[in-house]
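One-letter residues, chain by chain:
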Amino acid sequence: MASLSDSERVLFRDLIRGQDRELSVCWRMSWASEAASARVLVSTEQLQELQSFIDDYKTHNVRIVRLCERICATALVHVEMKLYELHHLVAQTMFHFMQYVEKIDTVLLEAFRLCVKNSMQKILSYLRGDLIKGPKPFVVLYLTLIIPRLATKFNPAAKVEPYAARIARDKESTRLQVQVEREIQKLVSEVDIHVQKWAPLEDIWSVDKDIFMKNYEKSNPCADTYETDINRHNSLMETIDSAPDRGQVYFLLIDSVLLKRGLTEHCADWKSRLLELLFQTTSAAITRTHDYATRNTARITTKPRSATEILDSIKTHKQLMSELEVMKLRFVTIESNVKVYLKVAKSIPGALLEQKGAMEEAWRDYERILGEINAVLNDSAQQTSKLLFERGRAREKDTRPYLENVLSDPTFTDQWNVEDASKEFYYIWCKEEDI
């Protein structure tokens, strides 16, 4: 009883008075009677229960104070606050004493206020760090203070201000919150600067690959262009791989592993698409060259059967000879493409090598036959020219007498009319046809 303060004695006033009345009755009884002994025994047990109750009260009171101290010392960083033990404790012990509950609630309010203040100071220290090393990296920050007032648990009609509203008006907590917001704004700027470091690589993922490759194919790039573009993506992959996986940006520790993996996959995709286009372009050029050689070999090996066919063969031969230099340039392009493919891919598909070998064999046959047929066509051209010359001399010989006769005929004068002249010309034409 001596450990209770005046305000606490008021809480136990009814219990203490009841024990006083019980003890006063015992003092008036005769101690020799059995009833008195039994009454004293009952009173002693009640006193022991009261003492035990008061001891529990004092013990729990100390525990409440210690819990409040722990709340004050607890930072709301990476900590989820749980007060169900405190609620259960108070509900079990003092649910009959609203005045006492309100005092405890006030203590809790002050504990939460100091908790928020200390937490904001701790957050600010994380954001700012020390003057030498700067801020320390941390990622997750939890701030939770959705807790009902203790007084409303026992008296729902109690008009008390919520913890959060009361703390929101605390000047010290508000000042710390403003400083934290400034540090967050600074963080945003620092993160933006960090993100801009990856801006030069934006085309890797933002450009539509399908549309780009269609336009790239239409531009008909040379082998050097393919090699330059593929090597550029190889260089980008090396640059991305050499970048650090993690980096501190102010108080954040940014993990770039997934970003690097995604960029590397994009670069590999670009490289694969360029290699595939180079393969298809080279294969198509080989196919066209092979078809050209086989088709024209068949044309020039067909034996002409008339003077007209001989002239057509000579014309075809001249055309093919003029195309020969252009076709040799195509061979240079094919060889360059194959070398570049082997250089960047480290190997060449067997199907492409077989296709290239068949083309080279067909082209060798074509060049050989084209050279052999050249002499034959030259001889045929000389024979044709001689034949046409002889035919012309014979024709001239056959028409000369008739022409001399016409020129010596006196009937051909300027006195002829149109009708007679037309008839005479028709007669001469018929004679010419006969000749």
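Because the structure is a prediction, the values reported are computed rather than measured.

Colleague: Could you give an account of the overall build of the protein chain, naming the residues involved and the relevant values?
Modeller: Helices and strands together make up the secondary structure of the protein chain, namely 15 helices and two strands. When burial is assessed residue by residue, the protein chain has 31% of its 435 residues classed as buried. For the protein chain, restricting intrachain contacts to residue pairs at least 6 apart in sequence, the fraction spanning at least 24 positions comes to 77%.

Colleague: Pulling in residues and values, what's your account of the confidence of the model for the protein chain?
Modeller: For the protein chain, the average pLDDT comes to 76, and 68% of its residues sit at 70 or higher. The lowest-confidence element of the protein chain is helix 4 (residues 84–94), averaging 37 in pLDDT; the highest-confidence one is helix 10 (residues 209–218), averaging 93. Residue range residues 78–96 is modelled with pLDDT below 50. Its contacts to residues more than four positions away, or to other chains, number 34 contacts. A low-confidence stretch, residues 138–144 (pLDDT under 50), is modelled with 19 contacts involving residues beyond four sequence positions or located in other chains.

Colleague: Requested: an account of the pairing of strand 1 (residues 246–249), with residues and values cited.
Modeller: Bridge analysis of strand 1 against strand 2 (residues 252–255) gives four bridges, and the strand direction is antiparallel. Following the sheet pairing, Gly-247 is matched in strand 2 by Ile-254. Hairpin connection, strand 1 to strand 2: the antiparallel pair is bridged by two residues, and Tyr-250 has positive phi, about 60°.

Colleague: So what's going on with helix 10? Residues and values would help.
Modeller: What helix 10 keeps buried is the set Lys-209, Met-213 and Tyr-216. Within helix 10, the buried residues cover an arc of 60° as seen down the axis, which keeps them to one side. Structural note: helix 10 exposes Lys-214 and Lys-218 on the side pointing more than 90 degrees away from its buried face. Contact partners of the buried residues in helix 10: helix 9 (202–206), helix 11 (223–242) and helix 12 (257–300). Sitting at the head of helix 10, Asp-208 places a side-chain oxygen 3.0 Å from the backbone nitrogen of Asp-210. Immediately beyond the C-terminal end of helix 10, within one or two residues, lies Asn-220, with a positive phi of roughly 50°.

Colleague: With reference to specific residues and values, describe unusual backbone geometry.
Modeller: Here the phi dihedral of Asn-220 falls at roughly 50°; this positive angle occurs in a residue that is not glycine. Position of Asn-220 among the secondary structure elements: in the loop between helix 10 and helix 11. Even without glycine at this site, Lys-346 takes up a positive phi of about 70°. Of note, Lys-346 is situated in the loop between helix 13 (307–345) and helix 14 (350–408). With a relative accessible area of 68%, Lys-346 lands in the exposed category.

Colleague: Describe the nonpolar core, naming the residues involved and giving the relevant values.
Modeller: If you look at the biggest cluster of nonpolar residues, it comprises 41 residues, and the most contacted ones within it are Leu-201, Ile-300, Trp-363 and Tyr-366. Of all the secondary structure elements, the ones that give two or more residues to this core are helix 10, helix 11, helix 12, helix 13 and helix 14. Residue contributions to this core peak at twelve residues, all from helix 12. In this structure Tyr-366 touches Tyr-292, Ala-293, Asn-296, Thr-297, Ile-300, Leu-320 and Leu-324, once residues within four positions along its chain are discounted. Counting 17 residues, the second-largest nonpolar core is a separate cluster that includes Cys-68, Cys-115, Val-116 and Leu-124.

Colleague: Tell me about the side chain of Asn-296, and please be specific about residues and values.
Modeller: Tracing the sequence through the fold places Asn-296 in helix 12. Taking the relative accessible area as the measure of exposure, Asn-296 reaches 2% and is therefore buried. A polar contact is formed between the side chain of Asn-296 and the backbone oxygen of Tyr-292, at a distance of 3.0 Å. Not counting residues within four places of it along the chain, the set of residues in contact with Asn-296 comprises Leu-320 and Tyr-366.

Colleague: Explain the packing of aromatic side chains to me, and be specific about the residues and the numbers.
Modeller: On inspection of all chains with the given rule, the structure shows eight aromatic pairs. On the basis of an interplanar angle of 25° and a centroid distance of 5.8 Å, the ring pair of Phe-212 and Tyr-216 is categorised as stacked. Remark: Tyr-216 and Phe-212 occur in helix 10; sequence separation between them is four residues, near one turn of the helix. Under the relative-accessibility criterion, Tyr-216 is labelled buried at 8%. With a centroid separation of 5.1 Å and 50° between ring planes, the pair formed by Phe-331 and Trp-363 is classed as tilted.

Colleague: Quick one: what's the story with the packing of helix 11 against helix 12, residue by residue and with numbers?
Modeller: Contact pair helix 11 / helix 12: the axes reach a minimum separation of 9 Å and the direction vectors enclose 165°. Taken as axis vectors, helix 11 and helix 12 run roughly antiparallel relative to one another. Crossing geometry of helix 11 relative to helix 12 is assigned as left-handed. In this structure, helix 11 uses Tyr-226, Asp-229, Ile-230, His-233, Asn-234, Leu-236, Met-237, Ile-240 and Asp-241 to contact helix 12, whose residues at the interface are Lys-260, Leu-263, Thr-264, Cys-267, Ala-268, Trp-270, Lys-271, Leu-274, Leu-275, Leu-277, Leu-278 and Thr-281. Its residues assigned to classes, the contact of helix 11 with helix 12 shows 13 nonpolar, four polar and four charged.

Rules and cut-offs
- Residues numbered from 1 in each chain as written.
- Predicted model: local features only at pLDDT ≥ 70, side-chain atom pairs only at ≥ 80, totals over all residues.
- Heavy atoms only, no water.
- Helix = DSSP H or I, 4+ residues; strand = E, 2+ residues; numbered from the N terminus.
- Buried < 20%, exposed > 50% of the residue type's maximum accessible area, 1.4 Å probe, protein only.
- Contact = heavy atoms within 4.5 Å.
- pLDDT = per-residue confidence, 0-100.
- Pairing = 2+ DSSP bridges.
- Arc of directions from axis to C-beta.
- Polar contact = N/O pair within 3.5 Å; in protein donor to acceptor, adjacent residues only side chain to side chain.
- Core = buried A, V, L, I, M, F, W, Y, C linked by side-chain atoms within 4.5 Å.
- Phe/Tyr/Trp six-rings, centres within 6.5 Å; stacked < 30°, edge-to-face > 60°.
- Axes fitted to C-alpha atoms, helices over the stretch in contact; angles between N-to-C directions.
- Parallel < 35°, antiparallel > 145°, perpendicular 65-115°, else oblique.
- Left-handed = near helix turned anticlockwise from the far one by under 90°.
- Nonpolar A, V, L, I, M, F, W, Y, C, P; charged D, E, K, R; others polar.

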